[in-house]
Amino acid sequence: RPQHLSGLEIIRDLCEGKLEGGEIGSTEITFTPGKIKGGTHIADTKTAGSVCLLMQVAMPCVLFAASPSELHLKGGTNAEMAPQIDYTVMVFKPIVEKFNFTFNCDIKKRGYYPQGGGEVVVQMSPVKALSPINLTERGTVTKIYGRAFVAGALPIKLAKDMAAAAVRCIRKEIRDLYINIQPVREPDDQAFGTGSGIIIVAETSTGCLLAGSSLGKRGKNSDKVGIEAAEILLRNLKHGGTVDDSLQDQLIIFMALAKGVSRVKSGPITLHTQTAIHFAEQLTKAKFTVTKLEEEAPSKDTYIIECQGMGMINPNL
């Protein structure tokens, strides 16, 4: 689809590679990489294809480039079947930076299904090597916060309704914590089209971040959107892991590239994660083991994902 093709094209451009079979509907591609140069690149899905997925595909390459990169990613910032940009900034970014790199993500314009039209600028410098991570202590939940947003033609009341419904739902399970979900109307000059949604993040005493999110769509009651996000968050908190099910698979490639042993405690292993592990092992010399934790609480369905990283070294630095 357009976002997958745009992802391949940005990788091709980053490393002056050759791409054959790069068209929509193609079932086979041949990709020959060159040297990862870095520099400024634009990727445009021309649809509501997710800018977050473009970022996911580019980031491991950019880390091992010869010079800093600036990526202008265009498409949907808050789209179905992909992380919302708010998730990328609020959850993915602080956790992935534990691998010992930083990046800057500037949301220029938000874009929604079906038109897209959003733009995010990501700036990132290369590293010599990635450090392994150890995320095995969950700690206790200390804060719950988030944002419920509307953009375009939708009234702020919808955001308030989403936030209130989410708070009510979480309150049933977690009574003693202040829950701060801000209702926001996106400024017209910073959003293209009409959209709504919510993201709720729980922060723990050990610095873990777990989230639940949901998007509004025509005919979907705003209370339902809020409740859906709250239920996803509560489900992610129940299994006792240090990452939620959206972050789980996004960390695999970095664990594989890092130098040393990474360990992450998670809930049930998603199909996305199994797929990511399969390909990471095929493409690198990294070795993964997934172990179910029986001793904690057999009812809890908690796992340790361990990886002996390949220790990729940036030849350019």
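Owing to the predicted nature of the structure, the values given are computational and were not obtained by experimental measurement. (Residues numbered from 1 in each chain as written. Predicted model: local features only at pLDDT ≥ 70, side-chain atom pairs only at ≥ 80, totals over all residues. Heavy atoms only, no water.)

1. A short note on the overall build of the chain
Along its length, the chain carries 8 helices and 15 strands. Relative to a compact globule of 317 residues, whose C-alpha radius of gyration would be 20 Å, the chain shows 20 Å and is just as compact. Overall, the C-alpha framework of the chain stretches about 55 × 50 × 35 Å when taken along its three principal axes. Looking at the 317 residues of the chain, the share that counts as buried comes to 49%. Long-range pairs, those at least 24 residues apart, make up 72% of the contacts in the chain between residues at least 6 apart in sequence. Charged side chains in the chain number 36 positive and 33 negative. The centres of these two groups are separated by 2 Å. (Helix = DSSP H or I, 4+ residues; strand = E, 2+ residues; numbered from the N terminus. Rg over C-alpha atoms; globule rule 2.2 N^0.38 Å. Buried < 20%, exposed > 50% of the residue type's maximum accessible area, 1.4 Å probe, protein only. Contact = heavy atoms within 4.5 Å. Lys, Arg positive; Asp, Glu negative; His and termini not counted. Charge placed at Lys NZ, Arg CZ, Asp CG, Glu CD.)

2. Some points on the pairing of strand 9 (residues 179-185)
One ladder, built from 7 bridges, connects strand 8 (residues 141-151) with strand 9; its direction is parallel. Its bridge partner lying in strand 9, Gly146 is registered against Ile181. Read from strand 8 through helix 4 (residues 156-173) to strand 9, the crossover connection turns out right-handed. (Pairing = 2+ DSSP bridges. Right-handed = clockwise from strand over helix to strand, strands pointing away.)

3. Notes on the pattern of salt bridges
Following the criterion strictly, the structure yields 18 salt bridges and no others. Salt-bridge contacts for Arg110 lead to Asp86; the nearest nitrogen and oxygen are separated by 2.9 Å. One end of the pair, Arg110, is in strand 5 (residues 103-111); the other, Asp86, is in helix 3 (residues 85-96), with 24 residues separating them in the sequence. Take Arg110 and Asp86: they sit in the same class, and that class is buried. (Salt bridge = Lys/Arg side-chain N within 4 Å of Asp/Glu carboxyl O.)

4. Examining the sheet that holds strand 4 (residues 69-75)
Strand order in the open sheet formed by 5 strands is 3-4-6-5-10, and the pairing between neighbours is mixed. The open sheet terminates on both sides in strands that have one partner only, identified here as strand 3 (39-44) and strand 10 (191-192). With 2 bridges joining them, strand 5 and strand 10 adopt parallel strand pairing. The residue of strand 10 that forms the bridge with Gly111 is Phe192. Strand contacts of helix 1 (residues 2-14): strand 3 and strand 4, with the helix running at about 165 degrees to strand 3, the strand carrying the most contacts. (Axes fitted to C-alpha atoms, helices over the stretch in contact; angles between N-to-C directions.)

5. Describing the UniProt feature "domain: RNA 3'-terminal phosphate cyclase" (unreviewed entry) in the chain
Residues annotated by UniProt as "domain: RNA 3'-terminal phosphate cyclase" (unreviewed entry) correspond here to residues 1-290. Secondary structure over residues 1-290 splits into 34% helix and 29% strand, and the C-alpha atoms at its two ends are 31 Å apart. (UniProt positions renumbered as here; feature names shortened; annotations may be inferred.)

6. Describing the domain arrangement of the chain
Interfaces are often described in size by the accessible area the parts lose on coming together. The domain architecture assigned to the chain consists of domain 1 (2-124), domain 2 (141-239) and domain 3 (243-310). Of the residues lining the interface, 20 residues belong to domain 1; the matching set on domain 2 comes to 23 residues. Here domain 1 meets domain 2 over a buried area of about 1700 Å², counting both sides, of which 61% is carbon and sulfur. Our count for the domain 1 to domain 2 interface comes out at 3 salt bridges. Two residues, Asp86 and Arg147, come together in a salt bridge whose shortest N-O distance is 3.0 Å. In this structure, the connection of domain 1 to domain 2 is made through 7 residue pairs in polar contact (both at pLDDT 80 or more). (Domains from an automatic or database assignment. Buried area = accessible area lost by both parts, 1.4 Å probe. Polar contact = N/O pair within 3.5 Å; in protein donor to acceptor, adjacent residues only side chain to side chain.)

7. Quick word on helix 5 (residues 222-238)
With 17 residues, helix 5 should cover 24 Å at 1.5 Å per step; its first-to-last C-alpha distance of 25 Å lies within 8% of that length. Close packing links the buried residues of helix 5 with strand 8, helix 4, strand 11 (195-204), strand 12 (209-215) and helix 6 (245-250). Among the residues trailing helix 5, Gly240 stands out with phi positive, at a value near 80 degrees. (Expected span 1.5 Å × (residues − 1).)

8. Brief notes about the sheet that holds strand 14 (residues 287-292)
Ordered by their spatial adjacency, 4 strands build an open sheet running 7-13-15-14, and the pairing between neighbours is mixed. One side of each edge strand has no neighbouring strand; the edge strands of this open sheet are strand 7 (134-135) and strand 14. With 2 bridges connecting them, strand 7 and strand 13 (residues 261-266) associate as parallel partners. Of the residues in strand 13, the one forming a bridge with Leu135 is Val264. Packed onto the sheet, helix 8 (residues 271-283) meets strand 14 and strand 15 (303-308) and runs at close to 150 degrees relative to strand 14.

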